[in-house]
Amino acid sequence: MPSPNPRFQAFDLLATPVAVLDVQGAILSVNAALEDVLGQSRRTLHGVSLIEQFVDPQPMINALMGVRANEFAALRYEALLRRIHHEDALPVHVILAPSDQANEVIVELLPVEQQTRQEREERQLEQAKANKELIRNLAHEIKNPLGGIRGAAQLLEMELESKDLTEYTQVIIHEADRLQTLVDRLLAPHRRPHVVGDVNIHEVCERVRSLILAEFPKGLTVVRNYDISIPEFRGDREQLIQAVLNIAHNAAQALHERIAQGDGRIELKTRILRQVTFGKQRYRLALELHVIDNGPGVPDSIKDRIFFPLISGREGGSGLGLTLAQTFVQQHHGLIECDSEPGCTDFKILIPLP
């Protein structure tokens, strides 16, 4: 096998599987990501026909014929890719384009799951920006008339002689105070300064664990599953405690039936991810923190909206816990994902590491 072409070395920095082919479909080079996907080394794959790696080879044959005839600048289609040691083929989005060299083709094989995740992340970021603007505007619009209502009720109460009537003014004042508290909670993450210091994520988890067990001392087990090799990173410790606590607290409240039976379970799990892409950026290392519970799962009716403000699956819930958690994590250039089914709900926090 010839020595690796230095022209292709940059492809190893990509998370997307990439192959360079000749116009007959023989592999000239693959990057590290494609080695991982196919379960074979580039030495083994050199000279092998990529066409044969697909369940249905005909679309690739047609595409290469188009390249030879110079019919297009780039071609996209969906395909199923065979993998060693995997019974199921991998659905991929194929992007095929001629190289800047004659008789050479570059093929990107984006796993459909990864593409779907990237689209979901982009939607989450856009939603978070829209939510932030909406919350700020709504909170300020509510605040001013709310102060007027409370003040007018206090003045009216001073003029009333009947204690029966002052009960009504007290209702107005108490409800105005309740709404003021809600508005303050909406504005809190945008007002509070970002206090940056060294953060040990396991100290964060231990603080959350002790707070949850103090509130739910019976019937709930909070399991530690830590990767102690995770390094410290720069961040706002109190914000991260609040973010993880909001998620864990929601989980504990969803587990009320399990806790009553004595088998409620929350797992705090930390791992390191390497060469990962999220939030449209590539990171060498990232923290992956899971908060997993064995509750009934997130209702289907709100699954796509759980990070929206004022959306709650629990009667009496404010619908702010997850919104604030997402805001705090995004201030650390991270994001939160949720995978839920009955018996297992997994909230995953991703944060870049140095």
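Calculation rules
- Residues numbered from 1 in each chain as written.
- Predicted model: local features only at pLDDT ≥ 70, side-chain atom pairs only at ≥ 80, totals over all residues.
- Heavy atoms only, no water.
- Pairing = 2+ DSSP bridges.
- Helix = DSSP H or I, 4+ residues; strand = E, 2+ residues; numbered from the N terminus.
- Axes fitted to C-alpha atoms, helices over the stretch in contact; angles between N-to-C directions.
- Contact = heavy atoms within 4.5 Å.
- Buried < 20%, exposed > 50% of the residue type's maximum accessible area, 1.4 Å probe, protein only.
- Lys, Arg positive; Asp, Glu negative; His and termini not counted.
- Salt bridge = Lys/Arg side-chain N within 4 Å of Asp/Glu carboxyl O.

Quick notes on the sheet that holds strand S3 (residues 75-81)
Reading across the sheet, the five strands line up as S2-S1-S5-S4-S3 and stay open at both edges, with antiparallel pairing between neighbours. If you trace the sheet from one side to the other, it starts and ends with strand S2 (27-30) and S3, each paired once. On average, each strand axis in the sheet is inclined to that of its neighbour by 25°, with strand direction left out of account. Sitting on the sheet, helix H3 (residues 58-68) touches strand S1 (18-22), S3, strand S4 (90-98) and strand S5 (104-111), and the angle it makes with S4 is about 10°.

Structural notes on the sheet that holds strand S10 (residues 281-293)
Read from one edge to the other, the open sheet built from five strands follows the order S7-S9-S10-S12-S11, with strand pairing classed as mixed. Because the sheet does not close on itself, it has two edges, and the strands there are strand S7 (220-225) and strand S11 (335-341). Direction aside, the axes of adjacent strands within the sheet are offset by 20° on average. Of the strands in this sheet, S7, strand S9 (264-278), S10, S11 and strand S12 (344-352) touch helix H7 (residues 237-254), which is tilted by about 35° from S10. Along the sheet, helix H9 (residues 321-330) makes contact with S11 and S12, crossing S11 at roughly 140°.

Here we look at the side chain of Arg209
For Arg209, the position within the fold is in helix H6 (residues 201-215). For the buried residue Arg209, which engages in no salt bridge, the nearest side chain bearing the opposite charge is Glu206, 4.7 Å off. In this view, Arg209 contacts Val222, Arg224 and Leu268; residues no more than four positions away in its chain are not counted.

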